[in-house]
Amino acid sequence: MLTGRFAPSPSGRMHLGNVFSALLAWLSVRSRNGRMLLRIEDLDPDRCRLEYIETLKRDLDWLGLDWDAEQTPQSKRADAYHAEFERLRAFGLVYPCYCSRAELHAASAPHASDGNVIYAGTCRTLTDAERAAKTRKPAWRVIVPNTVITVQDGLQGEYTENLVQDCGDFIIRRSDGVYAYQLAVVIDDGLTGITEVVRGMDLLSSTPRQIYLYHCLGLPVPEFYHIPLLINEHGQRLSKRDQALDLGELRQRWSAPELIGKLAWMTGLRDDFEPVTARELIGEFAWSKVRREPIV
């Protein structure tokens, strides 16, 4: 069965971009009689709050976006992540990295276009004696092959990356023991039967890394749809820092049908703006209508 998910991070009130992702993920699943799951991605204990989770659920209910089951929050799934991490370790695919942030940025490795450092593999070849001499608690990186991985995205089309050239060995467990998003999301989607992932365009570049992990762990790869970002007039994507566009503010100015109608018009699902409920849009939804480019 087609199984999709909405996987918000409870680090603040949902903003318009989160609502946009939730709406399209929900419509894609409901238009084909699939299952919709809710997963709370609360990996980061410093940023996530319990009160945000309850507010998030109330906001989804206000929007008319229901779900068929709620997955175990990521903060409760450390055992599952550890088991898969140990499998990668047994395969000889991970190693400890002792580099500090300053050392990474000072390295001669090139930088990706998004500003992320492409890791040069500094710690990959350390000897046991060299590792024993380190006093810094390590993060753990996965070894990537010098190969091109292609994403056949349902909305954006074909996207390719060479993992060595475009990202290098990447972190799957932080030095504080928290498992990285790249590993956690693969395990969560793979082990819980997610067949479709709908999320923002800003995450497309991380998808080849995740596909590599799916293959390493023998997990099925879902279909991906990376939707356009909502941006402001300066070309900056919306974030939870834009409080004027979070649901706390929006609910004071808009009804749920007005807000959904506005998004349906902005994304191309409808030619004109008029209030509509999420459920009324199910029969009109098609990915061929959804715009690919960023939306101001």
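Residues numbered from 1 in each chain as written. Predicted model: local features only at pLDDT ≥ 70, side-chain atom pairs only at ≥ 80, totals over all residues. Heavy atoms only, no water.

A. Seen up close, the overall build of the chain. Within the chain, the secondary structure is distributed over 11 helices and 10 strands. Here the C-alpha radius of gyration of the chain, 20 Å, is about what a compact globule of 296 residues would show, namely 19 Å. In terms of principal-axis extent, the alpha carbons of the chain reach across some 65 × 40 × 35 Å. Taken across its 296 residues, the chain has 51% of its residues classed as buried. Residue pairs at least 24 apart in sequence account for 75% of intrachain contacts in the chain once pairs closer than 6 positions are excluded. For the chain, the exposed area adds up to about 14300 Å²; of that, 48% sits on carbon and sulfur atoms. In the chain, the 36 positive side-chain charges and the 40 negative ones have mean positions that sit 4 Å from each other. (Helix = DSSP H or I, 4+ residues; strand = E, 2+ residues; numbered from the N terminus. Rg over C-alpha atoms; globule rule 2.2 N^0.38 Å. Buried < 20%, exposed > 50% of the residue type's maximum accessible area, 1.4 Å probe, protein only. Contact = heavy atoms within 4.5 Å. Areas by Shrake-Rupley, 256 points an atom, 1.4 Å probe, with all protein chains shown as cover. Lys, Arg positive; Asp, Glu negative; His and termini not counted. Charge placed at Lys NZ, Arg CZ, Asp CG, Glu CD.)

B. Geometry of the nonpolar core. The biggest cluster of nonpolar side chains holds 41 residues, and the ones touching the most others in it are Leu24, Leu27, Leu60, Leu63, Leu65 and Trp287. Elements with a contribution of two residues or more to this core: helix H1 (16-30), strand E2 (35-38), helix H2 (50-63), strand E10 (223-227), helix H9 (247-253), helix H10 (256-267) and helix H11 (278-281). Tallying contributions element by element places H1 first for this core, with 10 residues. Contact partners of leucine 24, with chain neighbours within four places excluded, come to Val198, Ile227, Thr267, Leu269, Phe285, Trp287 and Val290. Core analysis: the second largest hydrophobic core is formed by 34 residues, Phe85, Leu93, Ile172 and Leu213 among them. (Core = buried A, V, L, I, M, F, W, Y, C linked by side-chain atoms within 4.5 Å.)

C. Seen up close, empty space enclosed by the protein. All told, the structure shown has two cavities of 30 Å³ or more when counted by the stated rule. By volume, the largest cavity amounts to about 60 Å³. For the largest cavity, the full set of lining residues is Phe6, Ala22, Trp26, Met36, Leu37, Leu38, Leu60, Leu65, Asp66 and Trp67. Mapped onto the lining of the largest cavity, the elements with two or more residues apiece are H1 and E2. Looking at the lining of the largest cavity, the element that brings in the most residues is E2, giving three residues. The residue inventory of the lining of the largest cavity, partitioned by class, reads nine nonpolar, no polar and one charged. (1 Å grid on protein atoms, 1.4 Å probe; cavity = no way out; pocket = protein on both sides within 12 Å on 5 of 7 lines; lining within 4 Å. Points joined across faces, edges and corners; volume = space filled by probe spheres on them. Nonpolar A, V, L, I, M, F, W, Y, C, P; charged D, E, K, R; others polar.)

D. Here's a closer look at H2. The terminal C-alpha atoms of H2 lie 20 Å apart, and with 14 residues this matches the ideal 20 Å at 1.5 Å per residue to within 8%. Regarding H2, the residues found buried are Ile53, Thr55, Leu56, Asp59, Leu60 and Leu63. Axial view of H2: buried residues confined to an arc of 165°, hence all on one face. Of the exposed residues in H2, the ones pointing more than 90 degrees away from its buried face are Leu50, Arg58 and Asp61. (Expected span 1.5 Å × (residues − 1). Arc of directions from axis to C-beta.)

E. Examining the packing of helix H3 (residues 78-90) against helix H7 (residues 181-191) more closely. It is at 10 Å that the axes of H3 and H7 come closest, and there the two elements cross at 105°. In terms of orientation, H3 and H7 fall into the roughly perpendicular class. Mapping the contact onto sequence places Ala80, Tyr81, Glu84, Phe85 and Leu88 in H3 and Leu183, Ala184, Ile187 and Asp188 in H7. (Axes fitted to C-alpha atoms, helices over the stretch in contact; angles between N-to-C directions. Parallel < 35°, antiparallel > 145°, perpendicular 65-115°, else oblique.)

F. Representation of the packing of aromatic side chains. Using the criterion set out here, one finds six aromatic pairs in the structure. Between phenylalanine 85 and tyrosine 179 the ring centres are 5.8 Å apart and the planes differ by 65°, which places this aromatic pair in the edge-to-face class. Taken together, the positions of phenylalanine 85 in helix H3 and tyrosine 179 in the loop between strand E8 (170-173) and H7 put the pair 94 residues apart, joining distant regions of the chain. Centroid distance phenylalanine 285 to tryptophan 287: 5.2 Å. Interplanar angle 80°. Geometry classified as edge-to-face. A relative accessible area of 11% means that phenylalanine 285 is categorised as buried. (Phe/Tyr/Trp six-rings, centres within 6.5 Å; stacked < 30°, edge-to-face > 60°.)

G. Structural detail: the pairing of E2. Two elements, strand E1 (residues 3-6) and E2, share four bridges in a ladder whose sense is parallel. Bridge pairing in E2 links arginine 5 to leucine 37. Following the backbone out of E1, through H1 and into the adjacent parallel E2, one traces a crossover that is right-handed. Pairing of E2 with strand E3 (residues 69-70), which is carried by two bridges, proceeds in the parallel orientation. Considered in E3, the bridge of leucine 38 is made with glutamate 70. The parallel pair E2 and E3, bridged by H2, forms a crossover whose chirality is right-handed. (Pairing = 2+ DSSP bridges. Right-handed = clockwise from strand over helix to strand, strands pointing away.)

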